[in-house]
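Reading the structure
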Amino acid sequence: MVQNKRVLAYISSRLNHSGHLTLLRALRNELGQDWRIIILETPQADIPNQHERDNYDDFEVLRLIDTSQMSTGFALVDIDPEIVYIQDEFFLQNCMEVLYAKHCTQAKWKVVSCLCENILDKYVRPEYEYLYKELDLLLSYAEFSYKRAIE
């Protein structure tokens, strides 16, 4: 019997940052053979040059060409991952699309995101509080960020 692998979908707007590749490889090593990692390359992504892109060849990449045709969130409905990891995107477009799709479809995927302190004052809106509840884990870079997120 062939068992399907569990899926982690990875979303970031900065795929050219070397730390992202390091994180992805660490996740793959930690999660093991039972998991697939799929990178969602959105139109907003800062794309690496060809030399850097070669580093991502050992990962599956799903390129979303035009989000007016399919949003990041609803692309996930087709993938149906167990975990959606959103790096450097909390409260920004991709994250909000993911949270909205999870809310509308009542998807069971877990959403994990990171939080930079400069994002809070710009993007937190009380009218979206129902979407923030769809977030399962929020990782903060600093204690200040964590305390502000709790507020």
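The shown structure was predicted, so the numbers you read here are calculated from the model rather than taken from an experiment. (Residues numbered from 1 in each chain as written. Predicted model: local features only at pLDDT ≥ 70, side-chain atom pairs only at ≥ 80, totals over all residues. Heavy atoms only, no water.)

Some thoughts on the environment of leucine 139
Heads up, the rule is: Helical segments are the DSSP runs of H or I of at least four residues, strand segments are the runs of E of at least two, and each set is numbered from the N terminus. Whether two residues touch is decided by their heavy atoms; if any such pair falls within 4.5 Å, the residues are in contact.
Take leucine 139: it is sitting in strand S6 (residues 137–140). Spatially, the C-alpha atom of leucine 139 lies 9.5 Å from that of glutamine 87, the residues being 52 residues apart in sequence. In contact with leucine 139, other than residues within four places in its own chain, are Tyr85, Val112, Ser113, Cys114 and Leu115.

A closer look at the sheet that holds S6
Short version of the rule: Two strands pair if DSSP finds at least two bridges between them. To get an axis, a line is fitted to the C-alpha atoms, and for a helix only the part in contact is used. The angle between two axes follows their N-to-C directions and goes from 0 to 180 degrees.
Read from one edge of the open sheet, six strands run S3-S2-S1-S4-S5-S6, paired in parallel fashion. Looking at the sheet topology across the chains shown, the edges are occupied by strand S3 (60–63) and S6. Taking each pair of neighbouring strands and ignoring which way they run, the sheet shows an average axis angle of 20°. Where strand S1 (residues 6–12) meets strand S4 (residues 83–87), five bridges bridge the pair, whose relative direction is parallel. Each bridged residue has a counterpart across the sheet, and for serine 12 the counterpart in S4 is glutamine 87.

Some details on the packing of aromatic side chains
The cut-off we apply is this: Aromatic pairs are defined between Phe, Tyr and Trp rings, using the six-membered ring for Trp, whenever the two ring centres lie within 6.5 Å; interplanar angles under 30 degrees are classed as stacked, those over 60 as edge-to-face, and all others as tilted. Burial classes follow relative accessibility: with a 1.4 Å probe on protein chains only, a residue under 20% of its type's maximum area counts as buried, one over 50% as exposed, and anything between as partly exposed.
Inspection of the entire model under this criterion finds one aromatic pair. Note on tyrosine 10 and tyrosine 85: the rings are 5.8 Å apart at their centroids and 15° apart in plane angle, and the pair reads as stacked. Of this pair, tyrosine 10 sits in strand S1 while tyrosine 85 sits in strand S4; the two residues are 75 residues apart in sequence, bridging distant segments of the chain. As far as the burial class goes, tyrosine 10 and tyrosine 85 line up, both buried.

Honestly, it's all geometry; don't read function into it.
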